[in-house]
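Reading the structure
Residues per chain are reported as follows:
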Amino acid sequence: MTVEALTTVKEFEVLHLADKDRQVAHGYCGDLLSDVMANAPASAVLMTIQAHKNTIAVASLVGISALVICNGRSVSTDMLLAAEEEEISLFSTELTHFEAAARVLALLGSDDAGTH
Amino acid sequence: MQEIPINTVTSANVVLELIYRLKIKDVMTTNLITATKETTLREIQQIMRREKITGLPIVMGKRLIGLVSMDDIIQALDQGYIEERAREHMSRNLIILEDDMPISFAINYFDRYRYHRFPVLNKDNELVGMITNRDITNALLIEINREVEELERRSQRIEGGILSHEMYTYRIMQNNFENAGHASTEIKKRLKSAAIEAPIIRRAAIASYELEMNMVVHSHGGRLIAEYGAEELTITATDTGPGIEDTDAALEAGYSTAGEWIRSLGFGAGMGLPNVKSVSDTFHITSSPKGTTVTVTITLTGAEERNHDS
């Protein structure tokens, strides 16, 4: 599936849509950025509560396609600017990681892209 | 004329970094020669001559109560009260420095007040040292010499290196989360433009980011050096302290000395160094209270995907 599919989740608010055709092949949940670095697959959508600029840096370095900031955490302006600069799509949601992951998994499943 | 002809705002970056990094306690004289308020000015004059110093702090225990300078002695000789005690004639309105201040403060003080020395107090208001402009110039000379040596060593390596040899140095500042990731992003871009395979770039990015973050979180600042060879990338992270007490423990996943707010940002979970090690082809660490140096290499050639745990 592509990043654009994430915009169809009604609980996801689009904060920045970088490249809507970018591939999303996996999902990953994590708030420990070192764990995300080590274990998140490239082309994943990352569900996290770390709503700050460094998360964008991590996502960019490991090739994450999109970020979903969970639990209604508010996103700082500098994070949004960083997302624009690094061309990473950014969403926010009131859902928990688990609920958000379920939505993403449903999309991946219907896409037959499989899970990771 | 300036006492110390260094501008604390627009000097070379290397110098600015030094005068903000070096603390007064790193350069002050701690071998204190003091007198009490009952000491006579004559005795103080003799101590000054014997010790070749031009000012003597007057103390009560560890507390500083005054200062007798060469000027005070000259005046005493002139006015004929050299046999009297310090308490009558010592300067009591003293300008002092604190041992934790960077030496940039001292440089500004020497400029602003025309004294040749300042007493240095610690947080508990105890006299712990004296600082003269000479202490500062000596320390700066030593440190600047070290920086120049490093520059010479580096430029030699570039001249003597093979054609593909490139080297970049990134300064990492303590607690500068704003720019954390800058060096790693640059390294990633450079590898990408050289058409290195994605999994290898990812490993280089992970290693450099974790090393960068480690310095931001734990060190007093340092630098990250990326050297590109034809076959491999060498990343060296070197900081100026405080050192890792137990490097073996630091390499165990989950070991962390990070504070609460660092953890709240998603760092400091004790995965940094283990991550670096697992993505690198060689890994080397040395640490002392003066600083930690981690050197890793990542082989850039060869299609086989290294079996690292991810």
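Quantities reported herein were computed from a predicted structural model and do not represent experimental measurements.

Now for the overall build of chain A. A count of helical and extended segments in chain A gives 5 helices and 5 strands. Helices and strands appear in chain A in the N-to-C order α-β-β-α-β-α-β-α-β-α. Taken across its 116 residues, chain A has 45% of its residues classed as buried. Here the contacts in chain A between residues at least 6 apart in sequence split such that 50% fall between residues at least 24 apart.

Our next topic: the nonpolar core. Formed by 70 residues in total, the largest nonpolar core has its most connected members in L46, L67 and V68 of chain A. Here this core takes 12 residues from helix α9 (residues 198–218) of chain B, the largest share from any one element. Here L67 of chain A is in contact with L46, T48, T55, A59, I88, L90 and F91 of chain A, once residues within four sequence places are set aside.

A few words on the interface of chain B and chain A. Listed as interface residues are 19 residues of chain B and, on the opposing side, 18 residues of chain A. Secondary structure elements with two or more residues in the side of chain B that touches chain A: α8 (182–193), α9 and α12 (272–279) of chain B. For the side of chain B that touches chain A, the element with the highest residue contribution is α9 of chain B, accounting for 5 residues. Class assignment of the residues belonging to the side of chain B that touches chain A gives a composition of 9 nonpolar, 7 polar and 3 charged.

Now for the packing of α8 of chain B against α9 of chain B. All names here are of chain B. It is at 8 Å that the axes of α8 and α9 come closest, and there the two elements cross at 160°. Classified by the interaxial angle, the pair formed by α8 and α9 is roughly antiparallel. With respect to the hand of their crossing, α8 and α9 are arranged in right-handed fashion. Facing α8, whose interface residues are A183, S184, I187, K188, L191 and K192, α9 presents I201, A204, A205, S208, Y209 and E212. Counted by class, the contact of α8 with α9 contains 7 nonpolar, 2 polar and 3 charged residues.

What follows covers the confidence of the model for chain B. Residue and element names in this part refer to chain B. Of the residues in chain B, 93% have a pLDDT of 70 or more, and the chain-wide mean is 87. For residues 159–163, every residue scores under 50 in pLDDT, and the model assigns this stretch 1 contact once sequence neighbours within four places are set aside. Taken over the whole predicted complex, pTM reads 0.58, whereas the ipTM for its chain interfaces reads 0.77.

An ideal rise of 1.5 Å per residue puts 30 Å on 21 residues; α9 of chain B measures up with 30 Å between its terminal C-alpha atoms. The buried fraction of α9 of chain B is high, at 19 of 21 residues.

Further remarks concern helix α3 (residues 53–62) of chain A. Most of α3 of chain A is tucked away, with 10 of its 10 residues classed as buried. Buried within α3 of chain A we find K53, N54, T55, I56, A57, V58, A59, S60, L61 and V62 of chain A. In this structure, the buried side of α3 of chain A is in contact with α2 (33–39), β3 (44–48), β4 (66–69) and α4 (77–86) of chain A together with α8 and α9 of chain B. G63 of chain A sits one or two positions beyond α3 of chain A and adopts a positive phi of about 80°.

All names here are of chain B. Mapped onto the elements, T36 comes out in the loop between α2 (24–27) and α3 (41–51). On the basis of neighbour count, T36 is assigned to the partly exposed category, with 14 C-beta atoms found within 10 Å. Sequence separation of T36 and R87 is 51 residues, and the distance between their C-alpha atoms is 8.1 Å. Those residues in contact with T36 that lie beyond four places of it in its chain are I58, V59 and M60.

Our focus in this paragraph is the sheet that holds β3 of chain A. The strands that make up a sheet are held in pairs by hydrogen bonds between backbone atoms, and each pair lies either parallel or antiparallel. All names here are of chain A. Taken together, 5 strands build an open sheet; the order of strands is β1-β5-β4-β3-β2 and the sheet is mixed. For this open sheet the edge positions go to β1 (13–16) and β2 (26–29), each flanked by a neighbour on one side alone. The mean inter-strand angle of the sheet, taken between neighbouring strand axes irrespective of direction, is 25°. Strand direction decides the pairing type here: β1 and strand β5 (residues 89–92), joined by 3 bridges, are antiparallel. Looking at the pairing, E13 lines up with S92 of β5.

Right, let's talk about the sheet that holds strand β9 (residues 282–288) of chain B for a bit. All names here are of chain B. The strand order across the open sheet formed by 5 strands is β6-β7-β8-β10-β9, and the pairing between neighbours is antiparallel. What marks the edges here is a single partner per strand, and that holds for β6 (166–172) and β9. Strand-to-strand twist of the sheet, defined as the mean angle between neighbouring strand axes without regard to direction, takes the value 10°. Set on the sheet, α9 makes contact with β6, β7 (222–228), β8 (232–239) and β10 (291–299); between it and β8 the angle comes to about 5°.

Quick notes on the rules
- Residues numbered from 1 in each chain as written.
- Chains lettered and ligands numbered in written order.
- Predicted model: local features only at pLDDT ≥ 70, side-chain atom pairs only at ≥ 80, totals over all residues.
- Helix = DSSP H or I, 4+ residues; strand = E, 2+ residues; numbered from the N terminus.
- Buried ≥ 20, exposed ≤ 12 C-beta atoms within 10 Å, placed from the backbone.
- Contact = placed C-beta atoms within 7 Å.
- Core = buried A, V, L, I, M, F, W, Y, C linked by C-beta atoms within 7 Å.
- Nonpolar A, V, L, I, M, F, W, Y, C, P; charged D, E, K, R; others polar.
- Axes fitted to C-alpha atoms, helices over the stretch in contact; angles between N-to-C directions.
- Parallel < 35°, antiparallel > 145°, perpendicular 65-115°, else oblique.
- Left-handed = near helix turned anticlockwise from the far one by under 90°.
- pLDDT = per-residue confidence, 0-100.
- Expected span 1.5 Å × (residues − 1).
- Pairing = 2+ DSSP bridges.

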